[in-house]
Amino acid sequence: QMQLVESGGGLVQAGGPLRLSCAASGRTFGSYAMGWFRQAPGKEREFVECILQSGIGKYYSESVKGRFTTSRDNAKFTAYLQMNSLKPEDTAVYYCASNSFGYSPNPAFYNNWGQGTQVTVSS
C-alpha cells in the first residue's frame, strides 16, 4: 500500500499563508488522483480539493476556491496544498488521500489516507 504522510500544518494568523505537503512512498504515485479533505471538531469530513493524475484537472470546494491552490510533482511523489488568505473557519485537521480512478468529493471514494496534519488559524 502506498503510504501518505502530510506535513506543514501549524498555527498561523488569519490572512496568512500555509503550504501543506503530502509525500507518498510508492513510485506509482502518478497513477492516483489525490484528494484533500479537512475535518473540524464536531463536523463531518469535508472535501477541499482533488487533483487528477496528470496535475491538469483540479476541483475545488466553494469554501476555498480562489484562496487555495493545489499542485503535484509526480517526480517527487508529492502533492501540495497552498493555502492563502486563511480564515479561522479553515481551522481543521487536513488529510490527503488517494484513489485510482479520478475526481470525487466523496471521502468513501478514497481508499488510502494520510495521518492528517493540524491547521489552526488564529484571529
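Rules used in this analysis
Residues numbered from 1 in each chain as written. Predicted model: local features only at pLDDT ≥ 70, side-chain atom pairs only at ≥ 80, totals over all residues. Heavy atoms only, no water. Salt bridge = Lys/Arg side-chain N within 4 Å of Asp/Glu carboxyl O. Buried < 20%, exposed > 50% of the residue type's maximum accessible area, 1.4 Å probe, protein only. Helix = DSSP H or I, 4+ residues; strand = E, 2+ residues; numbered from the N terminus.

Asker: Tell me about the pattern of salt bridges, and name the residues and values.
Answerer: Tallied over the full model, the rule gives 3 salt bridges. Of the charged contacts, one joins Arg38 and Glu46 as a salt bridge, the two residues approaching to 2.9 Å between their closest N and O atoms. With relative accessibility at 32%, the residue Glu46 sits in the partly exposed group. Between Arg67 and Asp90 there is a salt bridge; the shortest N-O distance is 2.7 Å. Here Arg67 is found in the loop between strand 6 (58-60) and strand 7 (68-73), whereas its partner Asp90 is found in the loop between strand 8 (78-83) and strand 9 (92-99), with 23 residues between them in sequence. One exposure class covers both Arg67 and Asp90, and it is buried. Members of the salt-bridge network, linked through shared partners, are Arg38, Glu46, Arg67 and Asp90.

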